[in-house]
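Residues per chain are reported as follows:
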Amino acid sequence: AHARTATPLRSRNTMAALTNAASASLVAPASVAARAGSSRRAAFQGARVPSNASARAGDAKRAAPLVRASADDAAPAFGRRDLAKGALAALSAPVIAAMPAGPAKAEEVSKYWDIVDLPLEPGVILLDIAFVDDKHGFLLGTRQTILETFDGGKTWDFKSVSNALDEDVNYRFNSVSFKGQEGWIVGKPAILLHTTDGGANWERVGLSPRLPGAPVLITATSSNGQAEMVTDEGAIYLTTDAARNWKAAVEETISATLNRTVSSGITGASYYTGTFSTISRNDDGEYIGLSSRGNFYMTWSPGQAYWQPHNRSSARRVQSMGWRPDGGIWELTRGGGIFFSTTSELPDNDDDFVEGKIGSRGFGLLDLGAKPNGKEFWIVGGSGSVFYSNDAGKSWKRDRGTDDVAANLYTVKFNNNDNGFILGNDGVLLKYNGRAV
């Protein structure tokens, strides 16, 4: 897709503009290499954007990352004594999840899921997962957690990128994405890591302090330096040269758009200063973002200058939204409700949604993920709740085997039909064991 030349963005009052990528100079701070002796300067004048994702694979329009833009990462920092434990003794990062020695292993917790005993201390929230190939992948979380697997997610060990991190900063790694051997990681405070060798080495790319919003989602769109980054304020940036230059895809943040278009009748938009709570991207490069209040959502398609607001007449607040494999939209509402759009096009209002029958009994539902086959859906939520459907959401059953999992489950993601994961708080990771539902 052809990205437009950046124009000034406004964040609350004003936001700095990205310069035209063709003429941008190398003004970002020098990259910090995760491997010794490597250095590089990257251009990103005006703003840099990270992100989180939870990819939904599918046929026609596979839903890509769903990001929880506002998940809390306020975890207490560890002291220096904690950093002296086990394999982390040599790391220089002052705040990191302490880990017991040796790789994590999986044990069966239900008919369909095994729980992986990750080498993490309690309190770590797992945020995203992505694979280079069927066996090699990375898992991200709060307290600067980056774990690596070489056996499809059965065992995990800590991946050190300490040379690419600032000291005395407790990073929350939000999103990871790979296309071939090229990968990206973004986090908060604003940080962007880049690899071209499948994650063996990670190089830090400088980000501007004038970033409009918090980095929440990144998508590797090609294996030749192309990627998209999004912030929780709706800023979207595109690069085609491995982050040396960026172009803005939208001309203003969602706050500016809503405050400019209050006459449109969008409930809660007047003097709006909020952010997206979740952001999801499909394979066509379209985005859907849910307001932090859950009372309306906005969409964006390539070529549009602004996010498009959509009102909701229902009083039920939406907890999460994303794309179905067939190109439609799913909605999870507070109180355990589920809704599906009746069209593969972007819905205009509540009349374009129908309620599904899931029998959640009020359990909070937080995310929906689909297998690449497009027929098997999984929903996860609070207190270890897991539901599944083998008819694309027409009927649902509960996986009672996970009832004893003492965690809120935030994300469910399949990288192929036989390999999927559920991410939760307190370092809880469930791995799909491949049994058919």
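Up top you'll find the structure we're talking about.
In short, a report on the structure. Quick caveat, the model's predicted, so the values are computed rather than measured. (Residues numbered from 1 in each chain as written. Predicted model: local features only at pLDDT ≥ 70, side-chain atom pairs only at ≥ 80, totals over all residues. Heavy atoms only, no water.)

Some details on the pattern of salt bridges
Put simply, the rule reads: We define a salt bridge as a contact between a side-chain nitrogen of Lys or Arg and a carboxyl oxygen of Asp or Glu at a distance within 4 Å. Comment: elements are numbered from the N terminus, with helices defined as DSSP H or I runs of at least four residues and strands as E runs of at least two. With a 1.4 Å probe rolled over the protein chains alone, any residue whose accessible area is under 20% of its type maximum counts as buried; one over 50% counts as exposed, and the rest are partly exposed.
On inspection of all chains with the given rule, the structure shows nine salt bridges. With its nearest N and O atoms 3.7 Å apart, the salt bridge here joins R312 to E331. With R312 in the loop between β21 (308–310) and β22 (318–323) and E331 in strand β23 (residues 329–333), this residue pair connects regions lying 19 residues apart in the sequence. Overall, R312 belongs to the buried group, its relative accessible area being 7%. A relative accessible area of 2% means that E331 is categorised as buried. In this structure, E355 engages R316 in a salt bridge whose closest nitrogen and oxygen atoms are separated by 3.3 Å. Pair noted here: E355 is in strand β25 (residues 353–355) and R316 is in the loop between β21 and β22, with a separation of 39 residues, a long-range link.

Structural notes on the sheet that holds strand β8 (residues 145–149)
Heads up, the condition is: Paired strands, as defined in this entry, are two strands with at least two bridges between them according to DSSP.
Spatially, four strands are ordered β6-β7-β8-β9 in an open sheet, and the strand pairing comes out antiparallel. Two strands lie at the open edges of the sheet, namely β6 (126–131) and β9 (157–158), each paired on one side alone. The sheet contact formed by strand β7 (residues 137–141) and β8 spans five bridges and is antiparallel. The residue of β8 that forms the bridge with G141 is T145.

Comments concerning the pairing of β23
Each regular strand displays side chains that alternate between the two surfaces of the sheet. Summarising burial for β23: five of the five residues are buried, a large majority. Burial along β23 is two-sided: the residues I329, E331 and T333 and W330 and L332 are all buried. Note: β22 against β23, five bridges, orientation antiparallel. Within the sheet, the bridge partner assigned to W323 lies in β23 and is I329. What sits between the antiparallel neighbours β22 and β23 is a turn of five residues, in which G327 has the positive phi angle 100 degrees. Summarising the sheet, β23 and strand β24 (residues 337–341) pair through four bridges and their orientation is antiparallel. Bridging across to β24, L332 finds its partner in I338. A loop of three residues connects β23 with β24, the two strands running antiparallel in sequence, and G335 in this loop sits at a positive phi of about 95 degrees.

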